[in-house]
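# Descriptive analysis of the structure
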Amino acid sequence: MPNTCARWAKPYTVTVRLLFVGDVFGAPGMRVARRFLRAVREEYDFVIVNGENAAGGFGITRKHFWQLREAGADVVTLGNHGWDQAEALQLVEETPHLLRPLNYPPGTPGLGSGTFTARTGERVTVAQIMGRILMEPLLDDPFRAIDVLLAEERDHSVVVDFHAEATSEKKVMGYHLAGRCSALLGTHTHVQTADETILSGTGYITDVGMTGVQNSSIGMNFEEVHFRFTTGLPKRYRPADQPGEVRAVALVLEGGKTKSIRRVRWGPDGKD
């Protein structure tokens with residue numbers, strides 16, 4: 001295991017109940033995410049939501065960001081669709097609670113990480129990195145970017161959202177960070193994986209999944225995607241408009257390490 005990053009500076013026993021909600025997609029995703037957060041927020045000390053698809057599948061607006069914050073999100077993360085809405089470029093500079101990928105080139109607006117306070121009083125650092133395989137080839141190296149962040153000595157929890165396409169890249173990042181952060185949670189592919197585990201104290205899942213219409217092509221209507229696949233011709237995608245479902249993970253962090261991790265699936269009827 002790589003040894004380039006410092007471990008936590010001192011032992012401690014503070015417990016943090018953390019919830020991470022997977023990619024919120026379009027209006028159905030926003031509706032169910034807000035209902036879900038209002039229903040369960042008191043059960044958790046800290047909540048992170050990936051909101052890069054909130055605006056009809058393409059980015060986020062001020063309205064969507066503040067709706068998620070008001071529903072209970074402490075931090076909202078972005079991804080490869082982060083700049084699809086022009087106002088996002090200004091929004092990331094107005095608030096530290098909206099994070100874009102850490103490994104964008106120097107000079108990119110906004111922050112790729114931040115340290116926040118959970119309800120327990122415990123500090124939690126949240127960072128997002130974005131993969132390069134089948135993604136944005138001009139991004140900086142995500143492995144090096146997270147190494148630089150973790151090289152600073154810290155005595156609190158560190159949660160990393162890895163927004164990436166390739167399962168192999170996510171699994172290797174899990175190997176790279178095992179025991180060096182509190183959790184590495186995959187986003188972007190919109191299908192919840194069943195491989196949640198704990199790697200030397202680091203909670204891991206390849207993909208948290210999508211909060212939105214599950215009976216869809218990762219959030220879009222089947223019809224237009226099917227047309228493209230079967231004809232090779234262009235057709236504008238339309239977001240699916242049916243009742244949404246939540247996909248999330250719930251973790252218990254103790255002493256900066258994951259003690260438990262479980263998948264959450266919450267339907268339109270409000271049942272897990």
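Everything numeric in this text was worked out from a predicted model, so none of it was measured. (Residues numbered from 1 in each chain as written. Predicted model: local features only at pLDDT ≥ 70, side-chain atom pairs only at ≥ 80, totals over all residues. Heavy atoms only, no water.)

## With respect to the nonpolar core
Of all hydrophobic cores here, the largest spans 28 residues; its most connected members are L19, V21, F36, L37 and V49. Among the secondary structure elements, those contributing two or more residues to this core are β1 (15–21), α1 (26–40), β2 (46–50), α2 (62–71), α3 (87–94), β11 (246–254) and β12 (257–266). With residues near it in sequence (within four places) discarded, V49 still touches V21, V24, L37, L68, A73, V75, V76 and T77. Ranked by size, the runner-up nonpolar core spans 20 residues in total, among them L18, F46, L185 and I205. (Core = buried A, V, L, I, M, F, W, Y, C linked by side-chain atoms within 4.5 Å. Buried < 20%, exposed > 50% of the residue type's maximum accessible area, 1.4 Å probe, protein only. Helix = DSSP H or I, 4+ residues; strand = E, 2+ residues; numbered from the N terminus. Contact = heavy atoms within 4.5 Å.)

## Things to note about the sheet that holds β12
One key point about sheets: their strands pair by backbone hydrogen bonds, in either a parallel or an antiparallel sense. Judged by pairing direction, the sheet is mixed, and its 6 strands sit side by side in the order β4-β3-β2-β1-β11-β12 without closing on themselves. Among the strands making up the open sheet, the edge pair consists of β4 (98–99) and β12. With 3 bridges connecting them, β2 and strand β3 (residues 75–77) associate as parallel partners. Each residue of the ladder has a partner; that of V49, found in β3, is V76. (Pairing = 2+ DSSP bridges.)

## Describing the packing of helix α4 (residues 142–150) against helix α5 (residues 167–177)
Direction vectors running N to C along α4 and α5 enclose 30°, while the axes themselves pass 11 Å from each other. The angle between α4 and α5 falls in the class roughly parallel. Note on packing geometry: the crossing formed by α4 with α5 is right-handed. Within the contact between the two elements, α4 uses P142, F143, I146, D147 and L150 and α5 uses E169, V172, M173, H176 and L177. A per-class count over the contact of α4 with α5 returns 7 nonpolar, 1 polar and 2 charged. (Axes fitted to C-alpha atoms, helices over the stretch in contact; angles between N-to-C directions. Parallel < 35°, antiparallel > 145°, perpendicular 65-115°, else oblique. Left-handed = near helix turned anticlockwise from the far one by under 90°. Nonpolar A, V, L, I, M, F, W, Y, C, P; charged D, E, K, R; others polar.)

## As for unusual backbone geometry
Here the phi dihedral of H190 falls at roughly 70°; this positive angle occurs in a residue that is not glycine. Following the sequence through the fold, H190 ends up in the loop between β8 (183–187) and β9 (197–199). We classify H190 as buried; its relative accessible area is 7%. Of note in this structure, S200 is not a glycine but carries a positive phi near 55°.

## Concerning the packing of aromatic side chains
Inspection of every chain in the model, using the stated rule, returns 4 aromatic pairs. Taking the centre distance of 6.3 Å and the plane angle of 40° together, the rings of F46 and F116 count as tilted. Linking F46 in strand β2 with F116 in strand β5 (residues 113–117), this pair joins segments that are 70 residues apart in sequence. Summarising the burial analysis for this pair, F46 and F116 share the class buried. Over the face of the ring belonging to Y237 we find R228, whose NZ or CZ atom lies 4.2 Å from the ring centre. Just above the ring of F227 sits the side chain of K235; from NZ or CZ to the centre is 4.9 Å. (Phe/Tyr/Trp six-rings, centres within 6.5 Å; stacked < 30°, edge-to-face > 60°. Lys NZ or Arg CZ within 6 Å of the ring centre and 35° of its normal.)

## Digging into the confidence of the model for the protein
Residues of the protein with pLDDT of at least 70 account for 95%, and the chain-wide mean is 94. Note on residues 1–10: pLDDT under 50 across the span, and 32 contacts to partners over four residues away in sequence or across chains. (pLDDT = per-residue confidence, 0-100.)

## Quick notes on the pairing of β5
Where β5 meets strand β6 (residues 123–130), 5 bridges bridge the pair, whose relative direction is antiparallel. Along β6, the bridge assignment pairs T117 with R123. The antiparallel hairpin formed by β5 and β6 contains 5 residues in its connecting segment, where G121 sits at a positive phi of about 95°.

## Considerations on the environment of R34
The residue R34 is located in helix α1 in this model. Excluding anything up to four places from it in sequence, R34 contacts Q67 and A71.

## Thoughts on the pairing of strand β10 (residues 202–205)
On a regular strand, one side chain projects to one face of the sheet and the next to the other, so that they alternate. Side chains of β10 alternate between two faces, with T202 and Y204 and G203 and I205 buried alike. As defined by bridge partners, β8 adjoins β10 across 3 bridges and the pair is classed as parallel. Across the sheet, the residue bridging to L184 is Y204, located in β10. Relative to β10, β9 runs antiparallel, the two sharing 3 bridges. If you follow I198 over to β10, its bridge partner there is G203.

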